[in-house]
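A look at the structure
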Amino acid sequence: MPRKSPFEIKLSAAEAAELTRRASRYTLPYFEVVRAKMILMAADGMGNDEIAARLDTGRDVVSQWRKRFFKERLAGLEERARPGRPRVFPPRAHD
């Protein structure tokens, strides 16, 4: 039986407009588009399981972003600094 999230999302008009803009942009990084879509679906009353199935991602991922948005609003969807050495792209070939 699916669990109901305790983090109910209600959007202001400005937040809805910004998330809709992000969700429809082809030039943004993929992760930003998906996060915006997750929150828009959550605001429409969808559960985490249904959102995860529609976006082909894990329920835990949807739960994490829903919680961060609930607590921090739009700022919670931004990328945070990660510990450790930055990634090197493309990966170096081993000699």
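Residues numbered from 1 in each chain as written. Predicted model: local features only at pLDDT ≥ 70, side-chain atom pairs only at ≥ 80, totals over all residues. Heavy atoms only, no water.

Comments concerning the side chain of Arg-68
Positionally, Arg-68 belongs in helix α4 (residues 59-72). With no salt bridge to any partner, buried Arg-68 finds its closest opposite charge in Glu-72, at an N-O distance of 4.7 Å. Residues within four places of Arg-68 in sequence aside, it is in contact with Arg-73, Gly-76, Glu-78 and Arg-80. (Helix = DSSP H or I, 4+ residues; strand = E, 2+ residues; numbered from the N terminus. Buried < 20%, exposed > 50% of the residue type's maximum accessible area, 1.4 Å probe, protein only. Lys, Arg positive; Asp, Glu negative; His and termini not counted. Salt bridge = Lys/Arg side-chain N within 4 Å of Asp/Glu carboxyl O. Contact = heavy atoms within 4.5 Å.)

A word on unusual backbone geometry
With phi around 55°, Asp-56 is a residue other than glycine that occupies positive phi space. Within the secondary structure, Asp-56 is located in the loop between α3 (48-55) and α4.

Details of the nonpolar core
Ranked by size, the top nonpolar core spans 18 residues in total, and within it Leu-19, Met-38, Ile-39, Ile-51, Leu-55, Phe-69 and Leu-77 carry the most contacts. Elements with a contribution of two residues or more to this core: α1 (13-23), α2 (30-43), α3 and α4. When residues of this core are assigned to their parent elements, the largest contribution, 7 residues, is made by α2. With residues up to four places along the chain from it excluded, the contact list for Leu-77 reads Leu-19, Arg-22, Arg-35, Ile-39, Trp-65 and Phe-69. (Core = buried A, V, L, I, M, F, W, Y, C linked by side-chain atoms within 4.5 Å.)

Things to note about the confidence of the model for the protein
Averaged over all residues, the pLDDT of the protein is 85; the fraction at 70 or higher stands at 92%. Mean pLDDT values for the elements of the protein range from 90 in α4 up to 93 in α3. (pLDDT = per-residue confidence, 0-100.)

Notes on α2
In a regular helix each residue adds 1.5 Å, so 14 residues correspond to 20 Å; α2 covers 20 Å between its end C-alpha atoms and thus fits that length. Turning to α2, its buried residues number three or more, namely Val-33, Val-34, Arg-35, Ala-36, Met-38, Ile-39, Leu-40, Met-41 and Ala-42. Two residues or fewer past α2, Gly-45 is found with a positive phi of approximately 95°. (Expected span 1.5 Å × (residues − 1).)

Considering the environment of Val-62
You can see Val-62 is positioned in helix α4. Each C-alpha atom of the pair Val-62 and Ser-12 lies 20 Å from the other, and the pair is 50 residues apart in sequence. Contacts of Val-62, omitting those with residues within four sequence positions, involve Met-38, Asn-48, Ile-51, Ala-52 and Thr-57.

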